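Structural description and commentary
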Amino acid sequence: MISTVAVLLWGLAALLATAVLAGAVSRRAFATRLVYGTALVISAALLVTVASHLASNSGEVSAITLPLGLPWTGARFRLDGLSAFFLIVVNLGGTITSLYGLGYGQHESAPHRVLPFYPAFLAGMNLVVLANDAFAFLLSWEFMSLASWALVMSHHRDEANRRAAYIYLVMASFGTLALLLAFGLLAGPAGTYAFDAMRTAQPGPLAAGAVLALMLLGAGSKAGLVPLHAWLPLAHPAAPSHVSALMSGIMTKVAIYGFIRVVFDLLGAPAWWSGVVVLLLGGITAVLGILHALMEKDLKRLLAYSTIENIGVIFASLGLALAFKANAMPSAAALAFTAALFHVLNHSFFKSLLFFGAGTVLTATGERDMEKLGGLIHRMPVTSFVFLVGCVSISALPPFNGFASEWLAFQAILQSPELPQWGLKVIVPAVGGMLALSAALAAACFVKAFGITFLGRARSAVVERTHEVDRWSLAAMAVLAVFCLLAGILPGLVIDGLSSATLPLIGDRMPVQAAQPWLSIVPIAESRSSYNGLLVFVFITISASLAAFFIHRFASHALRRGIAWGCGFDQAAPAAQYTAASFAQPIRRVFGGFAFRAREAVDMPAPGALEPAHIKVDMHDVAWETFYQPIAGAIDFATERLNYLQFLTIRRYLTLVFLYLVILLLVLALWP
Amino acid sequence: MAVIFQLAVQGAQMLLVLLLAPLLIGFVRKVKARLLRRQGPSLIQPYRDLIRLMRKEVVLAENASWLFRVTPYLIFAATWVAAALVPTFAAGLQFSWTADLIVIVALLGSARFFQALAGMDVGTSFGGIGASREVMIASLAEPAMLLIVFSLALVAGATQLSTVAAFMGSPEVGLRVSLGMSAIALVMVAIAENARIPVDNPATHLELTMVHEAMILEYSGRHLAMIELATFLKLVLYVSLISCVFLPWGLAHAGAGPKALALGAVAYLVKLAVLAILLAVFETAVAKMRVFRVPDFLGAALMLALLGTLLLFVSRSL
C-alpha cells in the first residue's frame, strides 16, 4: 500500500515533468491547451487524493523520506491535518486557475514565457506545504519564489514590470534569508534540520523571540504584512491575471502556512507578548492595506492592496489564537485559529474570483485603469454578475462567506476580556476596532471597484466594442462564485472540516457544528451567539420575492425609459461622472492625513482670469519612505564608498589579502 | 401549539414593524411641523405617499441596468429581515438564533452596499456624490456600531439580542459608565445611519447638501416606494434597538402569556412615541453640518464606543 504522501509526490513529479515538456513545446499552438489541461487534471487529482485521505482517516500523519538533496540528510515530506488543509486550498486554487487559464491563456501574447513556469509554480507551492525538514522547506520556498518571479517577468518589455520583478526578487531573497536564520535558531547547536526534531527541542525565550521576529520578516514579507508589503502591489498585478490570482489568492496562504507551521507547531508554547505583536501587526496591516486599496485607480493593484488587508485580518486572528494559547484557553484559541483558517479559505475563493474578473476585463478592453472603464455591466453581464458576488463576499456582507469568517473573528475577540495580561486587554479592543474599520472600508472600496468599472456610462470608446469572454473563464468564475455562496450559507460544514487542522496544533477544536439544528454555527452556546447563514439567505430570498410578488400583483406595471436628471442639462459627457479618485476623495480627506500624509492644494486663478483652477494632491507611501528609501540609500552610499576597491593594482590586492589573513589569525588567537 | 404561538408572535412583530414604519415617520414629521408652528401633513400621509408611488409608472434612466431594478427589492428585504430580528414588544423571538446583533449590523451594511451601487449605476454625478459620501459616513458609523455591539456583548455575555435585552431588563445591570458611553454613541450612529439632521437632511433636494437623497434621485414609482419603505423600516429598527437595549421596561420575555404581550405592545408604542418626539425636538433644535464636519461627529461616536469597550476590558480584572 503506497502512502498518501508518496502519491502526492508522484503527482508533483508529473507537474514538474509538465513544466519541462511545456518548455519544449511552448511555442506550438496546442501548448496552451495542453499545459493548462494537464495542470487541471493533476491539480484535481491531488485535490481528490488529499480530500479522500482526510475523509477516510482524518488526523493520521503520513510521512516519507526521499534520498534526495544533501547526501547525509535526505528530503523529508509529511502530510498532517494542517498541511492537508493548505494542500486543499492550493490545489483547489490550482484546479480552478488552470480551468480559467484554458480560456485566458489563449489571449497571452508571450505564452512561451508563461507556460513552463506555471506548472512549476504550482508544484513549488505544493512542495512547501509538504516539506518536513528545513532543507526541503527552504528549497521549495525558493523554487516557488523563483517560479513566480519568472511569471512576473513574463511581460518584461514593460519598464514597470521589470522594476516590480526586481523589487520582488530582492524582497524574496531577504525573506528567505530571514527564514534560513529562523531555521538555524530552531535547529540549535546540534543542527538537526528535521521538523520532527525541532518540534521536540524547546528553544529558550530569547531564541523563541528571535525566531518569531524572523518568521514575521520571512513569512510576513511573502504574505504582505505592513511594512514588508511594498513589493506585493507591484508584483502581483504585473503577472498575467490568472497568475496574479494564484499569487494573491494562494501563494500568500502558503506564506501563512509557513508562519503557522513554525510559530504554532515547531516553536512550542508561545509567550503572551507574541500575541500582542502579531495582533498589532495584523490590525495595522488590515487598515493600511484597505486604505491604500481605496486610493487606487488600477483595478489589479486595488485587488493586490486588498489582499494585504485580508492578510492583516488573518494575522490578527492568528495573534489572538497565540494569546489564548499562551494563557491555556484552548477553546477560545481554537475559535480564533478556526476563524483564521476559514478566512484563508474564503480569501482564496474571492480573491481568485476577483482577479479572474479583472483578467476578463483586461482581455475584453485592454484596460486596467478603472477611470477608462465604466458601463461594462451592459456589455459583460455574466462577468459583472460573478464579479459582484466576489465584491459582496470580500466586503463581509451576509450571507456570503467573507462575513462568516469575520463573524467568527469577532466572536473570538469577545472571548478575550478573560485574558489576564494588561497589554492584551488594551490591545485587543483596539485591534477589534481596527478590524471593524477595515471591514467597513472594504465595503467602500468594493463599491468603488464595482461601481466605477462596471456601472455608470462608458468612459472610453473601447468599452463600446467589448463583449463577453470565452466559456472557460466564465465557468471558472462561476464555480468560485458558487463556492463563495456555499461557504457562506453552510459555514458549519467548513468549520467541522477545519477541526483536523486545529486539533493537533491547539489541543482543542470548536464544538461539532453539523449537529446544530438547521445548520447554525454556534461557537460557544446558543444563548450567547449563533449565526445561520442558510436561514438568513432564505429569509432575504423569501422577503425579496414576497415584495416583488406583491408589487407585481398590486402595483403599477408601467415603465418608461427617460433621460437621467442633470439639473436641466441633458447629454452630460461621461467624463462628468464620478471617477475612482473623486469617489475616494471624502475618505482621503478623513484618513489620508495620517495614513499617507496627504495634502491638498487648490490653485485658484484670480477673479476674472480665464485659466482653469487646479487641485494638487500630495500623497506619500509612508512605509516606503520610512523603511525602504533609507535602507536603499545606505546601501547605495556604502557601495559608492567601496567602489574604488574594484580598481586597485595587484600589489594592493595582495596587501589587502595579507591584512585580512592577519586579522583572522588575531581573532582566532584572542578568542577566549 | 407553543411553536405556532411563537411563530405567530414572530409574524406579528414582522408585520407590526412594516405597518408601523410609515406611521412613525408621519408622527416625527407632524411633531416637527408643530414645533415650527405649522399644521403639517396628516399622520397617515406617508401611507398615502407610498400608495401613490406604487400606482405611478416607473421612469427608468436610459443607462439603468438590471442591478438598478433589482436593488429596491434587495434593500427592502435586507432591512426587513434585520428589523424582524430586533425585539419590539417581546424578546426571545422564534428566529432570534438565526442572527445576532453583528449580523443585524451587517445586513444593514448589505442594504447600504447595494444602495450605493444603484446610485452609481445611472452614471450621473448626483449618484456618485451620494454614494461616495454615504460610504464615507458608513466607514465611520459601522465600526462605531460594532464597538457598541462589543460593549453590549461584554456586559451581557452574549451578542444574541434577545439575551442582551433580557439581561438589560434584569436588576444585575446596575449603572455603568461604559453603557452610558455606548448609549450616547448608539444615538449618534442612529442619527447618521438614518440620514437625519445634523448629518443629512431627509427633506432637502439641494444638490450640494444631500447624501441619501442623491443616491435615490433617479428612482421613481414602485421602486422608490420600496426604498422609502426600507428607509422608514430602518428608523423603526434603530428606535426599537435603542428602546429594547437601553429602555427595556415592559418588554415581554420569552414564553410570556397574552397579557404580558399586550402590556409589552403598549409599552413599545409609548417608547416609540417618546423617542420620536425627542428626535423631532433634536432635529428642530440643531442645524445641519457641513459634510466634512460629519467625520468629526462620527469620530466622536467611534471614540466613545471604543472607550466604553476598553473600560469593560480593563475593568474585568478589577
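Residues numbered from 1 in each chain as written. Chains lettered and ligands numbered in written order. Predicted model: local features only at pLDDT ≥ 70, side-chain atom pairs only at ≥ 80, totals over all residues.

Remarks on the overall build of chain A
Convention followed: Helix and strand assignments come from DSSP, with helices taken as H or I runs of at least 4 residues and strands as E runs of at least 2, each series counted from the N terminus. Atoms counted for the radius of gyration: C-alpha only. Globule rule: 2.2 Å times the number of residues to the power 0.38. Exposed residues have 12 or fewer other C-beta atoms within 10 Å of their own C-beta, buried residues have 20 or more, and residues in between are partly exposed; the C-beta atoms are placed from the backbone. We call two residues in contact if the C-beta atoms placed from their backbones are at most 7 Å apart.
Across its full length, chain A carries 24 helices and five strands. The C-alpha atoms of chain A give a radius of gyration of 27 Å, which matches the 26 Å a tight globule of 672 residues would have. With respect to the three principal axes, the spread of C-alpha positions in chain A is 95 × 70 × 60 Å. In chain A, which comprises 672 residues, the share counted as buried stands at 56%. Residue pairs in contact within chain A that sit at least 24 positions apart in sequence constitute 80% of those at least 6 positions apart.

Side note on the overall build of chain B
A count of helical and extended segments in chain B gives 11 helices and one strand. Mapped from its N terminus to its C terminus, chain B presents α and β elements in the order α-α-β-α-α-α-α-α-α-α-α-α. Here the C-alpha radius of gyration of chain B, 19 Å, is about what a compact globule of 318 residues would show, namely 20 Å. Each principal axis of the C-alpha distribution contributes one length, and for chain B these read about 60 × 45 × 45 Å. The contacts in chain B between residues at least 6 apart in sequence include a share of 81% that link residues at least 24 apart.

Looking at the pairing of strand β5 (residues 614–618) of chain A
Residue and element names in this part refer to chain A. We apply this condition: Two strands make a pair as long as DSSP finds a minimum of two bridges between them.
Taken across its five residues, β5 has zero buried, putting it largely on the surface. Alignment of strand β4 (residues 599–603) against β5, held across five bridges, turns out to be antiparallel. The residue of β5 that forms the bridge with Val 602 is Ile 615.

Topic: the nonpolar core
What counts is decided by this rule: Nonpolar core, as used here: buried Ala, Val, Leu, Ile, Met, Phe, Trp, Tyr and Cys residues forming one set through C-beta atoms within 7 Å.
Within the largest apolar cluster, 370 residues are counted, with the highest numbers of intra-cluster contacts made by A:Val254, A:Ala336, B:Leu24, B:Val81, B:Ala144, B:Val189 and B:Val236. With 22 residues, helix α13 (residues 330–365) of chain A is the single largest residue contributor to this core. Filtering out sequence-adjacent residues up to four positions away, A:Val254 remains in contact with A:Phe86, A:Val90, A:Met125, A:Val128, A:Val129 and A:Met144.

Describing the interface of chain B and chain A
Listed per partner, the contact involves 74 residues of chain B and 71 residues of chain A. Those elements giving two or more residues to the side of chain B that touches chain A turn out to be α2 (45–55), β1 (58–61), α3 (66–84), α4 (101–121), α5 (125–156), α9 (221–246) and α11 (294–315) of chain B. With 17 residues, α5(B) is the single largest residue contributor to the side of chain B that touches chain A. For strand β3 (residues 559–562) of chain A and β1(B), the ladder comprises four bridges, and the chain directions are parallel. Paired with A:Leu559 across the two strands is B:Val58, which belongs to β1(B).

Side note on helix α15 (residues 381–394) of chain A
Residues lying three or four places apart along an α-helix face the same way, a consequence of the helix completing one turn every 3.6 residues. Residues and elements named next belong to chain A. In plain terms, the rule: For a helix, the expected span equals 1.5 Å multiplied by the residue count minus one.
Taking 1.5 Å of rise per residue, the 14 residues of α15 would be expected to cover 20 Å, and the 20 Å separating its terminal C-alpha atoms lies within 8% of that figure. Taking burial as the measure, the 14 residues of α15 include 11 buried ones, the bulk of the element. Every buried residue of α15 is accounted for by Thr 383, Ser 384, Val 386, Phe 387, Leu 388, Val 389, Gly 390, Cys 391, Val 392, Ser 393 and Ile 394. Two residues or fewer after α15 comes Ala 396, characterised by a positive phi angle close to 55°.

Quick word on helix α6 (residues 161–169) of chain B
Residues and elements named next belong to chain B. For α6, the buried fraction is high: seven of the nine residues fall into the buried class. All buried positions along α6 are accounted for by Leu 161, Ser 162, Thr 163, Val 164, Ala 165, Ala 166 and Met 168. Elements in contact with the buried residues of α6: α4, α5 and α9.

Overview of the domain arrangement of chain A
Our working rule: An automatic or database domain assignment provides the domain bounds reported here.
Domains assigned within chain A are domain 1 (269–547) and domain 2 (626–670). Put simply, the middle of domain 1 of chain A and the middle of domain 2 of chain A, counted by C-alpha atoms, are 50 Å apart.

Let's talk about the packing of helix α10 (residues 241–266) of chain A against α13(A)
Residue and element names in this part refer to chain A. The cut-off we apply is this: Helix axes are fitted to C-alpha atoms over the stretch in contact, other axes to C-alpha atoms as well, and angles between N-to-C directions run from 0 to 180 degrees. In what follows, roughly perpendicular refers to angles from 65 to 115 degrees, roughly parallel to angles under 35, roughly antiparallel to angles over 145, and oblique to any angle outside these ranges. Crossings are classed by handedness, with left-handed meaning an anticlockwise turn of the near helix from the far one by less than a right angle and right-handed meaning a clockwise turn. Here the nonpolar group is Ala, Val, Leu, Ile, Met, Phe, Trp, Tyr, Cys and Pro; Asp, Glu, Lys and Arg are the charged ones; every other residue, Gly included, is treated as polar.
Two elements in contact, α10 and α13, have axes separated by 7 Å at closest approach and are oriented at 165°. Classified by the angle between their axes, α10 and α13 sit roughly antiparallel to one another. By crossing handedness, the relation of α10 to α13 is classed as right-handed. Contact residues: Ser 241, His 242, Ser 244, Ala 245, Ser 248, Gly 249, Ile 250, Lys 253 and Ile 256 in α10; Val 344, His 347, Ser 348, Lys 351, Ser 352, Phe 355, Phe 356, Ala 358, Gly 359 and Leu 362 in α13. Grouping the constituent residues of the contact of α10 with α13 by class yields eight nonpolar, nine polar and two charged.

Some words on unusual backbone geometry
Residue and element names in this part refer to chain A. Following Val 226, the chain continues to Pro 227 via a peptide bond in cis, the omega torsion being 5°. Relative to the helices and strands, Pro 227 is located in the loop between α8 (205–223) and α9 (232–238). Following Pro 398, the chain continues into Pro 399 via a peptide bond in cis, with omega recorded as 5°. Structurally, the position occupied by Pro 399 is in the loop between α15 and α16 (401–413). A positive phi angle, close to 55°, is found at Ala 328, a residue other than glycine. Look at Ala 396: it is not a glycine, yet its phi comes out positive at around 55°. Along the chain, the position of Ala 396 falls in the loop between α15 and α16. Classification of Ala 396 by C-beta neighbours within 10 Å gives buried; the count is 29.

Some words on the packing of α9(B) against helix α10 (residues 258–285) of chain B
Residues and elements named next belong to chain B. As a packed pair, α9 and α10 sit with axes 10 Å apart at the nearest point and diverge in direction by 115°. As far as their axial angle goes, α10 and α9 are roughly perpendicular. In this structure, the crossing between α9 and α10 has a hand that is right-handed. Between α9 and α10, the contacting residues are Val 239, Ile 242 and Ser 243 on the first element and Lys 271, Leu 272 and Leu 275 on the second. Counted by class, the contact of α9 with α10 contains four nonpolar, one polar and one charged residues.

With respect to the confidence of the model for chain B
Quick reminder of the rule: For every residue, the predictor assigns a confidence score, pLDDT, that lies between 0 and 100.
On average, residues of chain B score 90 in pLDDT, and 97% of them reach the 70 mark or higher. Here the complex is predicted with pTM 0.95, and the ipTM for its interfaces comes to 0.95.

A short note on the environment of A:Asp196
By the secondary structure assignment, A:Asp196 is in helix α7 (residues 195–200). Expressed as a C-alpha distance, the spacing of A:Asp196 and A:Ile563, which sit 367 residues apart in the sequence, is 71 Å.

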